[in-house]
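What follows is each chain in one-letter form.
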Amino acid sequence: MMTDSFMGDGPVLSAKDTENKQSQPRAPRSYILYICRYKAFLVETLISLQHVTAGYEGKAVIKEVNLDVLPDDFIGVIGPNGGGKTTLLKVMLGLIRPFKGKVTYSPALQGEKQFKIGYLPQWIQHDSRYPASVMDVVLTGVPTQSFGLYGKMARMAAMEALEKTGVADLTRKPFGELSGGQRQKVLLARALATRPLVLILDEPDTFTDQQFERDLYPMLREFNKNMAIVMVSHDLGIIASYVKTIACVNGGLHHHPSNMIDEKVLASYECPIDIITHGDLPHRVLNRHD
Amino acid sequence: MTGVLELFGYTFFQHALLAALLTSIACGITGTYIVTRRLVFLSGGITHASFGGIGIAFYLGIYPLAGAAVFAIISALLIVFFSKRDAIRPDSLIGMLWSFGMAVGTIFIFITSGYTPNLMSYLFGNILTVTQLDLTLLGLLATGVVVVFMLLYPLILSVSFDEEFARTRRQPVQVINVVLMVLVSLSIVMTIRVAGIVLVISYLTIPQAVAGIFTRRLSSLMILSVIISIVGSLLGLWAAYVYDIPSGASIIFTFILLFLLAKAFRSIQIKVAANR
């Protein structure tokens, strides 16, 4: 160990450490001090994927993927269709078990009542006649005892989440009667109600309107002050202006340590792409080529 | 009218009323679960599969609903577990269990020596012949259904609204699915006694359809379904007495009538509101 140390200020890395951390040279910008049952943890990594290979029916969609989610991350996941973006999210959420490799969750995520990962799906397979009000839907996200009926505290927590996503006025409406954008805001409130440390979003604006996009991204930037965000997006303009780092998924995964979209990022995308410009509002200069 | 009042003096009629009440409680609640999760076809499968159990029970000379319960629960669990795998399409499996149960039942009743007099009452139900044992079991079932749904309401709402999200929250999705399928199976089996295999599905779907016209929330849908089911059963029993027709068919007829009335009432209500 001593032989590998070197002079100078900065961290002293042992050979063993460099070998393990090879794929993730990033240092966390913040930590979470997590106190649970008289024990304190300093949390650096919330979710860690190591050499993960996963897919469906024995066919691997993502191979040998490494990714760490740190407490203040805002990771934009991009890649071609069928490249494994959704598979990656499902592995992180624990919805599918990897064929190979390991997914590790920080103890901070394993709350007493609740697993602290919030999830906003692209679209929920939902029967529009399902009898649930907006309040009912958000209540399903509130950490509560699993037994008995929902109490006043649970309703207050749900209300708070609905206020954060700006749809508190819809509380009593049947969920099935909402527009696409309203639905996504309610489901985002449901995800927030879980009091997540990591918020995972799968192309949240696919079936919504422009107004929803304009509302969503500033909200996410605000939420990012208190939680890590991992978001799949097809919109590179959004990626360039809101996320902090970019993960390109195309079978394998490249995690770029900034949100600059340069040739290197595009090379891993393997697809001709819209021209990106920086500015206050994300906008395209040219139309999509397809 | 005095004729109807006199009826209340008879034990068989008191039993019938109690059976209608308890069946309505159990089916009003489990039926809401079935309808909202779109499991109506599955319930039809379980109902008919249980006929296999009735046939075997006849052959062995044991309590027929015990055989029905075994067949119902086994087929429900098979469907729950196989729907997660890709080995067979769930609806094909339901169709297979549906006809397999009927086939087994037919074979065993055929080879049972002697005449089986009350077979018809299992196909079409007869609420007027429920026994003390039937009532005790119905009472236990209704209590069980109410207790489970009150205790597990948050989990049931969560799992039935969005199973995937429930799994991301590490909720016991499969346990909930299994517990509820067992309750559904038992409700079906006990309702066979009242409405018969052919008509069970009505208790699980029609009151819920009527309630669905007036409410869009899970908890109120359950409560309203129970009330409508009780009202429909009592009116149906009364009609069965007055017109001297089979009680099961009469109850279903009343349910449908209630549905049409509710639909008409609702559309008038909407028109009035629009004109205002």
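Parameters at a glance
- Residues numbered from 1 in each chain as written.
- Chains lettered and ligands numbered in written order.
- Predicted model: local features only at pLDDT ≥ 70, side-chain atom pairs only at ≥ 80, totals over all residues.
- Heavy atoms only, no water.
- Helix = DSSP H or I, 4+ residues; strand = E, 2+ residues; numbered from the N terminus.
- Buried < 20%, exposed > 50% of the residue type's maximum accessible area, 1.4 Å probe, protein only.
- Areas by Shrake-Rupley, 256 points an atom, 1.4 Å probe, with all protein chains shown as cover.
- Core = buried A, V, L, I, M, F, W, Y, C linked by side-chain atoms within 4.5 Å.
- Contact = heavy atoms within 4.5 Å.
- 1 Å grid on protein atoms, 1.4 Å probe; cavity = no way out; pocket = protein on both sides within 12 Å on 5 of 7 lines; lining within 4 Å.
- Points joined across faces, edges and corners; volume = space filled by probe spheres on them.
- Nonpolar A, V, L, I, M, F, W, Y, C, P; charged D, E, K, R; others polar.
- Buried area = accessible area lost by both parts, 1.4 Å probe.
- Salt bridge = Lys/Arg side-chain N within 4 Å of Asp/Glu carboxyl O.
- Pairing = 2+ DSSP bridges.
- Axes fitted to C-alpha atoms, helices over the stretch in contact; angles between N-to-C directions.
- Phe/Tyr/Trp six-rings, centres within 6.5 Å; stacked < 30°, edge-to-face > 60°.
- Lys NZ or Arg CZ within 6 Å of the ring centre and 35° of its normal.

Caption draft 1: Structural view of the overall build of chain A. Secondary structure summary: chain A contains eight helices and eleven strands in total. With 290 residues in all, chain A has 50% of them scored as buried. Surface summary for chain A: the accessible area is close to 15,200 Å², and the carbon and sulfur share equals 53%.

Caption draft 2: Representation of the nonpolar core in the model. Leu199, Leu220, Phe223, Ile229 and Met231 of chain A together with Phe149 of chain B are the most contacted members of the largest nonpolar core, which has 124 residues in total. By residue number, the principal contributor to this core is helix 7 (residues 132-161) of chain B, which donates 13 residues. Once residues within four sequence positions are removed from consideration, Leu199 of chain A is found in contact with Gly118, Leu188, Ala191, Leu220, Phe223, Met227, Ala228, Ile229 and Val230 of chain A. Counting residues in hydrophobic clusters, the runner-up holds 34 residues, among them Leu49, Ala54, Val77 and Leu95 of chain A.

Caption draft 3: Main features of the layout of surface pockets. All names here are of chain B. When its volume is computed, the largest pocket comes out at roughly 1,800 Å³. Lining the largest pocket are 48 residues, with Arg37, Lys84, Glu163, Glu164 and Arg167 sitting closest to its centre. A per-class count over the lining of the largest pocket returns 22 nonpolar, twelve polar and 14 charged. Space inside the second largest pocket adds up to approximately 490 Å³. For the lining of the second largest pocket, the elements supplying multiple residues, two or more each, are helix 2 (11-36), helix 10 (200-214) and helix 12 (247-275). Ranked by residues supplied to the lining of the second largest pocket, first place goes to helix 10 with six residues. Here the lining of the second largest pocket is composed, by residue class, of nine nonpolar, five polar and seven charged.

Caption draft 4: Just the interface of chain A and chain B, in detail. Between chain A and chain B, the contact holds 36 residues from the first and 26 residues from the second. Three residues stand out in chain A for area buried against chain B, namely Tyr130, Pro131 and Thr140 of chain A, and they jointly supply 23% of the buried area on that side. Our enumeration of links across chain A and chain B arrives at four salt bridges. Close ionic contact of Glu164 of chain B with Lys90 of chain A constitutes a salt bridge, the shortest N to O distance being 3.6 Å. Elements supplying a minimum of two residues to the side of chain A that touches chain B: helix 2 (85-93), helix 3 (134-139) and helix 5 (180-193) of chain A. Residue classes in the side of chain A that touches chain B are distributed as 18 nonpolar, eleven polar and seven charged.

Caption draft 5: Region of the structure containing the pairing of strand 4 (residues 59-69) of chain A. Residues and elements named next belong to chain A. In terms of strand pairing, strand 3 (residues 47-56) meets strand 4 through seven bridges, oriented antiparallel. In the strand pairing of strand 4, Gly55 is matched with Ala60. The antiparallel hairpin formed by strand 3 and strand 4 contains two residues in its connecting segment, where Glu57 sits at a positive phi of about 50 degrees.

Caption draft 6: Layout of the sheet that holds strand 11 (residues 252-256) of chain A. All names here are of chain A. The strand order 7-8-9-5-10-11 describes an open sheet built from six strands, whose pairing is mixed. Only two strands of the sheet have a single neighbouring strand rather than two, namely strand 7 (117-120) and strand 11. Sheet twist, expressed as the average angle between the axes of neighbouring strands with direction ignored, equals 15 degrees. Relative to strand 9 (residues 228-232), strand 8 (residues 198-202) runs parallel, the two sharing five bridges. Considered in strand 9, the bridge of Val198 is made with Ala228. Here helix 2 sits on the sheet in contact with strand 5 (74-78), strand 7, strand 8, strand 9, strand 10 (245-250) and strand 11, set at roughly 150 degrees to strand 8. Seen against the sheet, helix 5 touches strand 7 and strand 8 and runs at an angle of roughly 170 degrees to strand 7.

Caption draft 7: Up close: the packing of aromatic side chains. Scanning all chains against the criterion turns up eleven aromatic pairs over all chains. Taking 5.9 Å as the distance between ring centres and 85 degrees as the angle between the ring planes, the aromatic pair formed by Phe58 of chain B and Tyr122 of chain B counts as edge-to-face. Note that Phe58 of chain B is positioned in helix 3 (residues 40-60) and Tyr122 of chain B in helix 6 (residues 119-124), a separation of 64 residues in sequence. For the residue pair Phe58 of chain B and Tyr122 of chain B, the accessibility class agrees, reading buried in each case. Centroid distance Tyr59 of chain B to Phe108 of chain B: 5.4 Å. Interplanar angle 70 degrees. Geometry classified as edge-to-face. Of this pair, Tyr59 of chain B sits in helix 3 while Phe108 of chain B sits in helix 5 (residues 90-111), and the two are 49 residues apart along the sequence. Among the aromatic residues, those joined into a cluster by ring pairs are Tyr130 and Phe175 of chain A together with Phe161 of chain B. The residue whose ring lies beneath Arg170 of chain B is Tyr105 of chain A, and the NZ or CZ to ring-centre distance is 5.5 Å. Of note, Arg170 of chain B hangs over the ring of Phe115 of chain A, and the distance from its end group to the ring centre comes to 3.9 Å.

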